[in-house]
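Report on the structure
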Amino acid sequence: MLQYHLMTSAQIIAQVLGFVGLGCNIASVQCKRRRWVLTFQALADIVYGAQYIFLAAWSGLAISLVSAVECGVIYYFATRPDTGRGKRGADGNLRMPLPVLLITMAVVGGAGVLSYSNPISALPTVITLVYTWMIWQPNLRVYRVVSALISVGWFTYNLCVGAYVPTITAVVEFISAISAIVRIDVMMVAANKKDGAQSEQR
C-alpha cells in the first residue's frame, strides 16, 4: 500500500516563507535601480533565513543572514553622500570600497566554515561568495546573468536538503532572471539601437 506522509507545521511554514522569499527575489531581478535591487534582495535573504530555521538547514540560515547584512552594507555605500572620491557604478550609485568587500567575503567564508557539515553544506557559501561579488560589481546586466546561475546553485542545494518548495522557487527565479535578461538586456537594447539608427537617418 502507498503511504502518505503529511507535512509538519514547520514544513508548511517553511513553504509559505519560501513563496514570500520568491516574491522578493523576483522583484529584485526586475528592478533597474541598484537601491531597489539591494532592498528586495535583503528582504529575500531574511525570509529565506527564517525558512531554513524551520527546515533545520543551518548552513543555509547562516549564509542567508550574512547575505542580508551584506546587502545592508552595500546599500549604505550606494546611498551615502558623494564626497567626490568614491567610485560609481553603472547606475550612478557609489560602490563599496574594495577592502570592505574583501572583509565581507572573509566573513562569508568564516560563516561557511563554522556551519560546514558535508560537501553539500558548503554550496551556500560558494553561492554567496559569488553573490557578494555580483551585488558589488556595477554592471546590472552581469547581476541578472549571475542571478540565473546562482538560481541553479540554490536549486541543487535545496533539492539535496529536501526543501522542495525552495527548489521550485529556484526554478521560478531562474526563469525570472532569464526573462529580465531578455526584456531589459536584449529587447530594450535592440529597441534603443533601432531608435538611434532611425535618428541618424533623419
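Residues numbered from 1 in each chain as written. Predicted model: local features only at pLDDT ≥ 70, side-chain atom pairs only at ≥ 80, totals over all residues. Heavy atoms only, no water.

Section: the overall build of the protein chain
Looking only at helices and strands, one finds seven helices and zero strands in the protein chain. Counting helices and strands in the order they occur from the N terminus, the protein chain gives α-α-α-α-α-α-α. Relative to its 202 residues, the protein chain shows a buried fraction of 42%. Look at the contacts in the protein chain between residues 6 or more apart in sequence, and 65% of them connect residues 24 or more apart. (Helix = DSSP H or I, 4+ residues; strand = E, 2+ residues; numbered from the N terminus. Buried < 20%, exposed > 50% of the residue type's maximum accessible area, 1.4 Å probe, protein only. Contact = heavy atoms within 4.5 Å.)

Concerning the environment of S115
Looking at where S115 falls in the secondary structure, it is placed in the loop between helix 4 (98-114) and helix 5 (123-136). Overall, S115 belongs to the buried group, its relative accessible area being 16%. With sequence-adjacent residues up to four places away left out, S115 is seen in contact with W58, S59, A62 and S121.

What to know about a nonpolar patch on the surface
A cluster of nonpolar side chains, contributed by V152, F155, L159, Y164, V171, F174, I175, I178, V182, V186 and M187, occupies part of the molecular surface with about 960 Å² of accessible area. Elements supplying a minimum of two residues to the nonpolar patch: helix 6 (140-160) and helix 7 (164-201). If one sorts the elements of the nonpolar patch by residue count, helix 7 sits on top with eight residues. With respect to the helices and strands, the residue V182 is situated in helix 7. (Patch = residues over 30% accessible without salt bridge, like charges linked within 9 Å, V, L, I, M, F, W, Y side chains within 5 Å. Areas by Shrake-Rupley, 256 points an atom, 1.4 Å probe, with all protein chains shown as cover. Salt bridge = Lys/Arg side-chain N within 4 Å of Asp/Glu carboxyl O.)

Remarks on the nonpolar core
By size, the foremost hydrophobic cluster in this structure holds 30 residues, and its most contacted members are Y52, M134, I135, Y143, I150 and W154. Among the elements of the structure, helix 1 (9-30), helix 2 (34-55), helix 3 (58-79), helix 5 and helix 6 are those that each provide at least two residues to this core. Not counting residues up to four positions away in its chain, the partners in contact with I135 are R34, L38, E70, C71, I74 and Y143. (Core = buried A, V, L, I, M, F, W, Y, C linked by side-chain atoms within 4.5 Å.)

Side note on the packing of aromatic side chains
Per the counting criterion, the structure on display carries four aromatic pairs. Between Y52 and Y157, the aromatic rings sit 6.0 Å apart at their centres with planes inclined by 75°, giving edge-to-face as the arrangement. Here the residue Y52 occupies a position in helix 2, and Y157 occupies one in helix 6, the gap between them amounting to 105 residues. Under the relative-accessibility criterion, Y52 is labelled buried at 3%. Accessibility expressed as a relative area gives 1% for Y157, which makes it buried. On the basis of an interplanar angle of 75° and a centroid distance of 5.8 Å, the ring pair of W154 and Y157 is categorised as edge-to-face. With a gap of three residues between them, W154 and Y157 both fall in helix 6, about one helical turn apart. Accessibility expressed as a relative area gives 17% for W154, which makes it buried. (Phe/Tyr/Trp six-rings, centres within 6.5 Å; stacked < 30°, edge-to-face > 60°.)

Topic: the side chain of T132
Mapping T132 onto the fold places it in helix 5. Given a relative accessible area of 0%, T132 falls into the buried group. Within the local environment of T132, its side chain forms a polar contact with the backbone oxygen of T128, the two atoms lying 2.7 Å apart. In this structure T132 touches E70, L101, T104, M105 and V108, once residues within four positions along its chain are discounted. (Polar contact = N/O pair within 3.5 Å; in protein donor to acceptor, adjacent residues only side chain to side chain.)

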